[in-house]
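# Summary of structural features
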Amino acid sequence: MYDSVHILLNIEVVQSNSTTLVPKWIPPVSYNLSNDFAKILANQEFSDVTIVAAQEGSEFKAHKSILCARSIVFATMFRHDFEESKTNHITIDDISGKVIQEMLNFIYTNRKIPEEMAADLYYAANKYQLMGLKNMCENILRKTMDKTSVLDILLLAERSSNERLKTSALEYIIKYIKDIKKTPKWEEFQKTNPQLIYEILCKVVDHHL
C-alpha cells in the first residue's frame, strides 16, 4: 500500500494591466422640491383651474390637487357641488392680483413673503385657511408694528378673531397712546370702530390704575 498521494499542479498567474476604479463616495443628486413646484406654477403645465382677480381681470393658472392639499377652503369648493367645481374657475373679488400671485407662490413653495404685503396676505390666508401663511404674516405684523399701522392691525385681528394679534396691538396702542391719538387714522378709527375705541380706553384706564 501507498502511504501518501502526490499531486502535481501547474499554476499559471495571468496579470491584467487593466484596473477598475470603484468610487468610494457618490455625490447625491441635488433636489429642491420648492424650486420644482415653482416651475410647475410658472409654466402652467397640466393646470386644471383658473383663478381670476376680479379687480384687474388678471388670471392665474393653478392645479386643483395642490390647492386642495394646502387649503381646506379650496378643498371644500372642489369636493362639493359648488360653481367652482363645475366651471374650474375661481373668481376672487376682494383680493388684488398681486396678492393672489404671492399667495400662490406660498402655496406652491412655502417661501418667505415680502414683508410689506403681510397685512394683505394675512387677509387672504385667513380667508382660505392657509395657516402656515397666516402665522408667517402674523409674525411679520407683530415685528413691524408701528404707530401708523397698529390701528389697521388691530382691526385685522378683530375681524379674523385673532386674540393673540389683537392683544399685541392693544399693548402697543396703550404704550404709545399719546402719539397714536395724533395720527390722522385715529379720528377716522373713532368714527368707524366705537367698540374697539371703548376697549382701548378701558385698557388705558386699567393700565394707569
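Only a predicted model underlies this, so the values are computations on that prediction, with no experimental measurement involved.

Definitions and limits used
- Residues numbered from 1 in each chain as written.
- Predicted model: local features only at pLDDT ≥ 70, side-chain atom pairs only at ≥ 80, totals over all residues.
- Heavy atoms only, no water.
- Core = buried A, V, L, I, M, F, W, Y, C linked by side-chain atoms within 4.5 Å.
- Buried < 20%, exposed > 50% of the residue type's maximum accessible area, 1.4 Å probe, protein only.
- Contact = heavy atoms within 4.5 Å.
- Pairing = 2+ DSSP bridges.
- Helix = DSSP H or I, 4+ residues; strand = E, 2+ residues; numbered from the N terminus.
- Phe/Tyr/Trp six-rings, centres within 6.5 Å; stacked < 30°, edge-to-face > 60°.

## Considerations on the nonpolar core
- Ranked by internal contacts, the top residues of the largest apolar core, which has 56 residues, are Leu-104 and Ile-200.
- Residues contacting Ile-200, with those up to four places away along its chain left out, are Leu-154, Leu-170, Ile-173, Ile-177, Trp-186 and Phe-189.

## Digging into the pairing of strand β2 (residues 58–62)
- Pairing analysis gives five bridges linking strand β1 (residues 49–53) to β2, with the strands arranged antiparallel. Bridge assignment links Ala-53 to a residue of β2, and that residue is Ser-58.
- Here β1 hands over to β2 after four residues, with Gly-57 in that stretch at a positive phi of 80°.

## Comments concerning the packing of aromatic side chains
- Enumeration over the complete set of coordinates arrives at two aromatic pairs.
- With centroids separated by 4.6 Å and ring planes inclined at 10°, the aromatic side chains of Phe-74 and Tyr-128 adopt a geometry described as stacked. Of the two residues, Phe-74 sits in helix α3 (residues 72–79) while Tyr-128 sits in the loop between α6 (118–127) and α7 (131–144), which places them 54 residues apart along the sequence. Comparing Phe-74 with Tyr-128, the two get one shared label, buried.
- Both rings, one in Tyr-172 and one in Tyr-176, keep their centres 4.7 Å apart while their planes meet at 45°; by these two values the pair is tilted.
- Classification of Tyr-172 as buried rests on a relative accessible area of 18%.
- Classification of Tyr-176 by relative accessible area gives partly exposed; the value is 26%.

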